[in-house]
Amino acid sequence: MSKNIIILNGSPRKKGNTSALTAEFTRGAQESGNTVTEFHLNEMNIHGCLGCCCGGKDPESPCVQKDDMLKIYPVYKAADIVVLATPLYYWTISGQLKAAFDRLFAVAECDPNYANPKKNTVLIMAAEGDEFDESLYWYDRLDKHLGWKSLGKVLCGGVFNIGDIKGRKELVEAYELGKSII
């Protein structure tokens, strides 16, 4: 049975190393019959969460802020799998991804118990260095607290400049992870 997959790509480089990984993941996932929708968050008008806890009144437009998150909400709600894709910035995820992910709380506010929809997840990261510990800690705790299940992680260190990822084994890993989703 095919899956609906949403990729939240927090890289500011649309043709950068993170995007090279998501392209290979997407290729594999689509070859397995899945539907993939990728959002390049840096190109979108997404404001940070206000912490107002006033969302959830309208399931079609769950947040009080009306920006490009309105494009993401329906795809997120329909998704079986959420792919968090980001470069490593100061040992954690990019601000673009953090801002969008924080805003998904408005969907949880639609539930009287603030329950997040149950999802499977994937983490895709590219970095100049290779110290992913803080990001892995955040991701693993996120899955635990939301009751989500990780399907896998692709972490590619040693890639700073656009194109540094060419020929790297992590591209194959991303493809294979996408292909494994059935």
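Just so it is clear, the model here is predicted, and its values are computed rather than measured.

Rules of the game
- Residues numbered from 1 in each chain as written.
- Predicted model: local features only at pLDDT ≥ 70, side-chain atom pairs only at ≥ 80, totals over all residues.
- Heavy atoms only, no water.
- Pairing = 2+ DSSP bridges.
- Helix = DSSP H or I, 4+ residues; strand = E, 2+ residues; numbered from the N terminus.
- Axes fitted to C-alpha atoms, helices over the stretch in contact; angles between N-to-C directions.
- Buried < 20%, exposed > 50% of the residue type's maximum accessible area, 1.4 Å probe, protein only.
- Arc of directions from axis to C-beta.
- Core = buried A, V, L, I, M, F, W, Y, C linked by side-chain atoms within 4.5 Å.
- Contact = heavy atoms within 4.5 Å.
- Expected span 1.5 Å × (residues − 1).
- Salt bridge = Lys/Arg side-chain N within 4 Å of Asp/Glu carboxyl O.

A. Expanded view of the sheet that holds strand E1 (residues 4–9). Across the sheet, five strands lie side by side as E2-E1-E3-E4-E5; this open sheet has parallel pairing. The outermost strands of the open sheet, each flanked by one partner alone, are strand E2 (35–40) and strand E5 (149–156). Taking each pair of neighbouring strands and ignoring which way they run, the sheet shows an average axis angle of 15°. As paired elements, strand E4 (residues 120–126) and E5 share seven bridges and run parallel to each other. In the sheet register, Thr121 faces E5, and the bridge partner there is Ser150.

B. Local environment of helix H2 (residues 69–78). Looking only at H2, the buried set comprises Met69, Ile72, Tyr73 and Tyr76. The buried side chains of H2 occupy one side of the element, clustering within an arc of 110° when seen end-on.

C. Structural context of the nonpolar core. Grouped together as the largest cluster of nonpolar side chains are 31 residues, with contacts concentrated most on Ile6, Leu8, Leu41, Ile72, Tyr76, Leu84 and Leu104. Those residues in contact with Leu84, other than ones at most four positions away along the chain, are Leu8, Leu97, Phe101, Val122, Leu123, Ile124, Trp138, Tyr139 and Leu142. In terms of nonpolar packing, the next biggest core, distinct from the first, is built from 20 residues, Leu21, Phe25, Cys156 and Val159 among them.

D. Looking closely at helix H5 (residues 133–146). Taking 1.5 Å of rise per residue, 14 residues should cover 20 Å, and H5 covers 20 Å from first to last C-alpha, within 8% of that figure. Of the surrounding secondary structure, the elements contacted by the buried residues of H5 are strand E3 (81–87), helix H3 (95–103), E4 and E5. Residue Gly147 follows H5 closely and has a positive phi angle near 75°.

E. Looking closely at the pattern of salt bridges. Considering all chains together, one arrives at eleven salt bridges under this definition. The salt bridge involving Arg27 is made with Glu31; its shortest N-O contact spans 3.4 Å. With Arg27 and Glu31 both in helix H1 (residues 17–31) and four residues apart, this pair spans about one turn of that helix. Among the ionic pairs, Lys98 bridges to Asp102, the shortest N-O distance being 2.6 Å. Note that Lys98 and Asp102 are positioned in helix H3 at a spacing of four residues, about one turn of the helix. With a relative accessible area of 36%, Lys98 lands in the partly exposed category. A network of salt bridges, in which partner residues are shared, links Glu24, Arg27, Glu31 and Lys179.

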